[in-house]
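# Structural overview
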Amino acid sequence: MPIPLELNTAEFAEHMDTIRVLYLADDDFKSLCDDYSTVKSSIEKFKYSAHEKKREMEYKHLSEELEKEILKYIKNKK
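The residue count restarts for each chain, going from 1 along the sequence in the order it is written. Residues qualify for local features only when their pLDDT is at least 70, as the model is predicted, and side-chain atom pairs are given and counted only at 80 or more; totals for whole chains, interfaces and linings, by contrast, use all residues. With hydrogens and water stripped out, all remaining heavy atoms of the structure feed into the side-chain values.

### Focus on the packing of aromatic side chains
- Each Phe, Tyr or Trp ring, with Trp reduced to its six-membered ring, pairs with another whose centre is within 6.5 Å; inter-plane angles below 30 degrees give stacked pairs, above 60 give edge-to-face pairs, and intermediate values give tilted ones. Counting across every chain of the model gives three aromatic pairs.
- Plain terms: the ring middles of Phe-12 and Tyr-36 are 5.5 Å apart, the flat faces sit at 80° to each other, and that makes the pair edge-to-face. Taken together, the positions of Phe-12 in the segment before helix H1 (16–25) and Tyr-36 in helix H2 (residues 27–46) put the pair 24 residues apart, joining distant regions of the chain.
- Residues Phe-29 and Tyr-73 carry aromatic rings whose centres are separated by 5.2 Å and whose planes lie at 40° to one another, so their mutual orientation is tilted. Of the two residues, Phe-29 is situated in helix H2 and Tyr-73 in helix H3 (residues 53–77); the sequence distance between them amounts to 44 residues. The numbering of helices and of strands both runs from the N terminus, where a helix is a DSSP run of H or I of at least 4 residues and a strand a run of E of at least 2.

Next up, the structure:
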């Protein structure tokens, strides 16, 4: 199973090998990455809806928090 496309970002570029291994081997990490992927996809949908700007901002904040959690998880596994 490939990792979600939303993880192919500059923020994660230097960690892609670790992300691939953890995504396939660690259910907690996979769940965290899947949540991040869902949030990022939702942000894209909200961008096109004028009445969803507040939700878009909430999801952007959530994606930043999940990004930090992913990076923290990676660093703790090394």
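That was the structure; now back to the text.
### Some points on the side chain of His-15
- Take His-15: it is sitting in the segment before H1.
- Judged by its relative accessible area of 8%, His-15 is buried. Each residue's exposure class comes from its accessible area (1.4 Å probe, protein chains only) as a fraction of the maximum for that residue type: buried when under 20%, exposed when over 50%, partly exposed otherwise.

### Concerning the environment of Asp-17
- Relative to the helices and strands, Asp-17 resides in helix H1.
- Between the C-alpha atom of Asp-17 and that of Ser-49, which follows or precedes it by 32 residues, the distance is 36 Å.

### Quick word on the nonpolar core
- We call a set of buried residues a nonpolar core when its members are Ala, Val, Leu, Ile, Met, Phe, Trp, Tyr or Cys and they connect through side-chain atoms within 4.5 Å of each other. Counting 16 residues, the largest nonpolar core has Leu-7, Phe-12, Ile-19, Phe-29 and Ile-70 as its most contacted members.
- Among the elements of the structure, H1, H2 and H3 are those that each provide at least two residues to this core.
- The element that contributes the greatest number of residues to this core is H2, accounting for six residues.
- Apart from the residues lying within four places of it in its own chain, the contact partners of Ile-19 are Ile-3, Leu-7, Phe-12, Phe-29 and Ile-74. Contacts were defined at the residue level, with two residues in contact if any of their heavy atoms lie within 4.5 Å.

None of this, on its own, says anything about what the molecule does.
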